[in-house]
Amino acid sequence: GPGAAGQRRKEMMLSEKVNQLMEWASKRSVIRMNGDKFRRLVKAPPRNYSVIVMFTALQPHRQCVVCKQADEEYQILANSWRYSSAFTNKIFFAMVDFDEGSDVFQMLNMNSAPTFINFPAKGKPKRGDTYELQVRGFAAEQLARWVADRTDVHIRVIRPPNYAGPLMLGLLLAVIGGLVYLRGSNLDFLYNKTGWAFAALCFVLAMTSGQMWNHIRGPPYAHKNPHTGQVNYIHGSSQAQFVAETHIVLLFNGGVTLGMVLLHEAATSDMDVGKRKIMCIAGIGLVVLFFSWLLSVFRSKYHGYPYRYV
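Residues numbered from 1 in each chain as written. Predicted model: local features only at pLDDT ≥ 70, side-chain atom pairs only at ≥ 80, totals over all residues. Heavy atoms only, no water.

**A closer look at helix H2 (residues 35-43)**
Side chains of residues three or four places apart in an α-helix project in the same direction, reflecting 3.6 residues per turn.
Next up, step 1: Of the residues making up H2, those classed as buried are Gly35, Phe38, Leu41 and Val42. Taken down its axis, H2 places every buried residue within 155° of arc, on the same side.
Next up, step 2: Where H2 begins, one side-chain oxygen reaches toward the backbone nitrogen of Asp36, 3.3 Å away; that side chain belongs to Asn34. (Buried < 20%, exposed > 50% of the residue type's maximum accessible area, 1.4 Å probe, protein only. Helix = DSSP H or I, 4+ residues; strand = E, 2+ residues; numbered from the N terminus. Arc of directions from axis to C-beta. Polar contact = N/O pair within 3.5 Å; in protein donor to acceptor, adjacent residues only side chain to side chain.)

**Brief notes about the sheet that holds strand E1 (residues 30-32)**
Next up, step 1: Taking strand neighbours across the sheet as the criterion, the four strands line up as E1-E3-E2-E4 in an open arrangement whose pairing is mixed. The two strands at the open ends of the sheet, each matched to only one other strand, are E1 and strand E4 (115-119). Direction aside, the axes of adjacent strands within the sheet are offset by 30° on average.
Next up, step 2: Looking at chain direction, strand E2 (residues 50-56) and strand E3 (residues 91-97) are connected through seven bridges and run parallel. Paired with Phe55 across the bridge in E3 is Val96.
Next up, step 3: Lying over the sheet, helix H3 (residues 65-82) contacts E1, E2, E3 and E4, oriented at roughly 160° with respect to E3. (Pairing = 2+ DSSP bridges. Axes fitted to C-alpha atoms, helices over the stretch in contact; angles between N-to-C directions. Contact = heavy atoms within 4.5 Å.)

**Details of the environment of Phe105**
Next up, step 1: Examined against the element boundaries, Phe105 turns out to sit in helix H4 (residues 102-107).
Next up, step 2: What makes Phe105 buried here is its relative accessible area of 4%.
Next up, step 3: Phe105 sits 166 residues away from Met271 along the chain, and the two C-alpha atoms are 67 Å apart.
Next up, step 4: Setting aside chain neighbours within four positions, we find Phe105 in contact with Phe55, Thr56, Val96, Asp97, Phe98, Met110 and Ser112.

**Let's talk about unusual backbone geometry**
Next up, step 1: Put simply, Pro45 and Pro46 share a cis peptide bond, and its omega is 0°.
Next up, step 2: Locating Pro46 in the fold gives a position in the loop between H2 and E2.
Next up, step 3: At the junction of Ala113 and Pro114, the peptide bond is cis and its omega measures out at 0° in the coordinates.
Next up, step 4: The backbone of Asn109 sits at a positive phi, close to 55°, despite the residue not being glycine.
Next up, step 5: With respect to the secondary-structure elements, Asn109 resides in the loop between H4 and E4.
Next up, step 6: In this structure, Asp152 takes a positive phi of about 65° despite not being glycine.
Next up, step 7: Structurally, Asp152 is set in the loop between helix H6 (140-151) and helix H7 (164-182).

**Considering the pattern of salt bridges**
Next up, step 1: For the structure on display, the rule yields 10 salt bridges.
Next up, step 2: We note a salt bridge from Asp99 to Arg62, for which the minimum N-O separation is 2.8 Å. Note that Asp99 is positioned in the loop between E3 and H4 and Arg62 in the loop between E2 and H3, a separation of 37 residues in sequence.
Next up, step 3: Given a relative accessible area of 35%, Asp99 falls into the partly exposed group.
Next up, step 4: Between Arg150 and Asp149 there is a salt bridge, with its nearest N and O atoms 3.8 Å apart. (Salt bridge = Lys/Arg side-chain N within 4 Å of Asp/Glu carboxyl O.)

**Remarks on the domain arrangement of the protein**
Next up, step 1: Segmenting the protein into domains produces domain 1 (2-151) and domain 2 (192-301).
Next up, step 2: The distance between the C-alpha centroids of domain 1 and domain 2 comes to 41 Å.
Next up, step 3: Across the contact, 11 residues belong to domain 1 and 14 residues belong to domain 2.
Next up, step 4: Across the domain 1/domain 2 interface, buried area totals approximately 950 Å², and carbon plus sulfur atoms make up 49% of it.
Next up, step 5: Broken down residue by residue, the surface that domain 1 buries against domain 2 is led by Asn111, Gln134 and Val135, which jointly contribute 46%. (Domains from an automatic or database assignment. Buried area = accessible area lost by both parts, 1.4 Å probe.)

**Details of the UniProt feature "transmembrane region" (unreviewed entry) in the protein**
Next up, step 1: In this numbering, the UniProt entry assigns the feature "transmembrane region" (unreviewed entry) to residues 163-182, 194-213, 248-266 and 278-298.
Next up, step 2: The span residues 248-266 is 100% helical and 0% strand by assignment, and the distance between its end C-alpha atoms comes to 27 Å.
Next up, step 3: Here residues 278-298 runs as 100% helix and 0% strand, with 30 Å between its end C-alpha atoms. (UniProt positions renumbered as here; feature names shortened; annotations may be inferred.)

**What to know about the state of the cysteines**
Structurally, a disulfide amounts to a covalent bond that connects the sulfur atoms of two cysteines.
Next up, step 1: What the rule picks out here adds up to one disulfide.
Next up, step 2: The residue that forms a disulfide with Cys64 is Cys67, at a sulfur-sulfur distance of 2.1 Å. Handedness of the Cys64-Cys67 disulfide follows from its S-S torsion of about 70°: it is right-handed.
Next up, step 3: Judged by relative accessible area, Cys67 falls into the buried class, the value being 0%. (Disulfide = S-S within 2.5 Å.)

**Focus on the nonpolar core**
Next up, step 1: Tyr74, Leu77, Phe93, Phe116 and Val147 are the most contacted members of the largest nonpolar core, which totals 29 residues.
Next up, step 2: Listing elements by their share of this core, those giving two or more residues are E2, H3, E3 and H6.
Next up, step 3: Sort the elements by how many residues they give to this core and H3 lands first, with eight residues.
Next up, step 4: Those residues within four positions of Val147 in sequence are excluded, and the remaining contacts are Ile52, Leu77, Ile91, Phe93, Asp152, Val153 and Ile155. (Core = buried A, V, L, I, M, F, W, Y, C linked by side-chain atoms within 4.5 Å.)

Below, the structure written as structure tokens:
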């Protein structure tokens, strides 16, 4: 009857769509889509598969640094799924670039990039199907957790080997070995308190500024408002941060530390009184200036904080 014929047509259309997506996915883990492909394979029924779509702007003239960083993590996630033993045709990863599918951006009333949206197998995307990039960052591991929450597909992220760490460690060991070989008869430099203190201070400043959080969460470097073009380097929430923010905090902490060192030297050194006064004034100025800036960053993230230094 007509109902059976319609059902067969629906099954044929679905089979054609799945076969087409599988063919593209076999060549490239992230399927690039324009407006026509998006409307036919993502928006139009029938569909029994979910599609994770990254809306981005990768062309050089768009100058979207965050888009390139997010794309690298997205590719890692898609490759981890594509070459997994659990790979099925129930979920696909796609991308719509603004210069290839501006009509899709207009259709979805989208005015920022990058944006990740899950288009579920049944129904329309809900609020939770839009990834909270500013809060969670774009690290592949964070994206995988979100995908698992929205689709029940668990992806084990496998990153390509990174040889930068072992190379740097080997270079450091080579430098230390070279110093020991050249100065084998004089190893007093290993007992230099100033050198060890400086190295420890650099490590402490790097850790207290949030570098480890950046490594784990993979936040964007900064945020550019698409309407005004203004670039924000400080995240407005206490639950997240930008990479640029950690660099700023590192600089401010370093300024406060330098000021304290100058004050200590002014109080304990054997220099003449004039130089000690100059060091004292410079130290006070550095502490006041950079500590005030630190408090201003704190107030911008913890709204309502009433105190300030100057």
